[in-house]
Each structure stands twice: as structure tokens, then as C-alpha cells.
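Listed below are the residues making up each chain.
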Amino acid sequence: MSEHQAPAALLRLMASFFWAMSMAALLFWLGGVAWPGGLSGLMAALGPGAVASFVALHVPAAITGILLWQWTRAGMPARRRVLLEAATGYFILAVVFGFFLNYLLVSAMGDVIGPAMRSVER
């Protein structure tokens, strides 16, 4: 049985999304270096909605990168394949780091809110 191959139109759509997200991530980090006020100033200028959307899109970008790597790496030039692997690695690490920070935040909130909630219950 041959390996599943996605339709060409879907691969083009996925590649467009992935490379747009990769460029946005690169511009975000470079912009954070050059922007007055650094990353916090850049995020304030972009607004919370844009930043939250950008951060949330890291999850589908990581998944898309993995699928593109699986489906297209054989016919890809070496330089583009390395860029795909590096960008996919960045998105995966960003997602894992975000999960870890969320865990720390929830744990800290439990330590702060837990005793207060127990005193209210009495």
C-alpha cells in the first residue's frame, strides 16, 4: 500500500500558510529587536487581539510543518528542506514552551487562589 499523498491544491495552501507564518515569526522577532520598547512595545503596538491570534496560529503552523515535511521532503531542494525543518522545529518548541508556561501559570494561580477559596468555604 502506498503512502497517502495530499492533493496538490491542499499542499499549495498549506505551504502558503506555513511560509507566511514563518515570515511573520521572523519579522516579529526581528521587529522586537528594532522596535522602540523591544518585544513588549511591539506587542503593545500590535494589540492583544493580533498577538493572541499570532500566538494561537503557532499550533496549526507546527502541525502543517510536520505534514509538509512528511509529504514533500523527498522532492524538495536541500536549502528549502532545511528551512522547513528549522521553522517546524521553532513552531514545535514555541508550542511546547507555551504549554509549559501555561502549566506554571495555572500552578501558581492554584497556590494563590486555593487558600483563599478554602477560607471562603468555611
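Reading the values: the criteria
Residues numbered from 1 in each chain as written. Predicted model: local features only at pLDDT ≥ 70, side-chain atom pairs only at ≥ 80, totals over all residues. Heavy atoms only, no water. 1 Å grid on protein atoms, 1.4 Å probe; cavity = no way out; pocket = protein on both sides within 12 Å on 5 of 7 lines; lining within 4 Å. Points joined across faces, edges and corners; volume = space filled by probe spheres on them. Helix = DSSP H or I, 4+ residues; strand = E, 2+ residues; numbered from the N terminus. Nonpolar A, V, L, I, M, F, W, Y, C, P; charged D, E, K, R; others polar. Phe/Tyr/Trp six-rings, centres within 6.5 Å; stacked < 30°, edge-to-face > 60°. Buried < 20%, exposed > 50% of the residue type's maximum accessible area, 1.4 Å probe, protein only. Lys NZ or Arg CZ within 6 Å of the ring centre and 35° of its normal. Arc of directions from axis to C-beta. Core = buried A, V, L, I, M, F, W, Y, C linked by side-chain atoms within 4.5 Å. Contact = heavy atoms within 4.5 Å. Salt bridge = Lys/Arg side-chain N within 4 Å of Asp/Glu carboxyl O. Axes fitted to C-alpha atoms, helices over the stretch in contact; angles between N-to-C directions. Parallel < 35°, antiparallel > 145°, perpendicular 65-115°, else oblique. Left-handed = near helix turned anticlockwise from the far one by under 90°.

*Asks:* Give a detailed account of the layout of surface pockets, specifying residues and quantitative values.
*Replies:* Over the atoms, a rolling probe the size of a water molecule traces out where space has been left empty. Roughly 450 Å³ of internal volume is contained in the largest pocket. Lining of the largest pocket is provided by 18 residues; of these, Val55, His58, Ala94, Phe97 and Gly98 occupy positions nearest its centre. At eight residues, helix H5 (residues 78–121) tops the list of elements feeding residues into the lining of the largest pocket. Tallied by class, residues from the lining of the largest pocket come to 15 nonpolar, three polar and no charged.

*Asks:* I'd love a proper account of the packing of aromatic side chains, names of residues and values included.
*Replies:* Under the defined criterion, the tally for this structure stands at five aromatic pairs. Residues Phe18 and Trp19 carry aromatic rings whose centres are separated by 5.1 Å and whose planes lie at 80° to one another, so their mutual orientation is edge-to-face. The class for Phe18 is buried, based on a relative accessible area of 0%. Site record: aromatic cluster; members linked through ring pairs are Phe18, Trp19, Tyr90 and Phe91. Directly above the aromatic system of Trp69 lies the positively charged group of Arg73, at a separation of 4.1 Å from the ring centroid.

*Asks:* Let's hear about helix H2 (residues 38–46): which residues, and what values?
*Replies:* For H2, the set of buried residues is Gly38, Gly41 and Leu42. Around the axis of H2, the buried residues are gathered within 100° of arc, so they sit on the same side. Residues of H2 that are exposed and point over 90 degrees away from its buried face: Ser40 and Ala44. Where H2 terminates, the next one or two residues include Gly47, which has phi positive at roughly 95°.

*Asks:* Help me get a handle on the nonpolar core, residues and values and all.
*Replies:* Of all hydrophobic cores here, the largest spans 17 residues; its most connected members are Phe18, Leu68 and Phe91. Sort the elements by how many residues they give to this core and helix H1 (residues 8–34) lands first, with six residues. Setting aside residues no more than four positions away along its own chain, Phe18 makes contact with Ala61, Thr64, Gly65, Leu68, Leu84, Ala87, Thr88 and Phe91.

*Asks:* Could you give me a rundown of the pattern of salt bridges, with the residues and numbers involved?
*Replies:* Applying the stated rule across the entire model yields one salt bridge. Linking Glu85 and Arg81 is a salt bridge whose minimum nitrogen-to-oxygen distance equals 3.9 Å. Remark: Arg81 and Glu85 occur in helix H5; sequence separation between them is four residues, near one turn of the helix.

*Asks:* So what's going on with the packing of H1 against helix H4 (residues 58–72)? Which residues, and what values?
*Replies:* As a packed pair, H1 and H4 sit with axes 9 Å apart at the nearest point and diverge in direction by 130°. Put simply, H1 runs oblique to H4. Taken as a pair, H1 and H4 cross one another with a handedness that is left-handed. Across the interface between the two elements, Leu11, Met14, Ala15, Phe17, Phe18 and Met21 from H1 touch His58, Pro60, Ala61, Thr64, Gly65, Leu67, Leu68, Trp71 and Thr72 from H4.

Keep in mind these values describe shape, not function.
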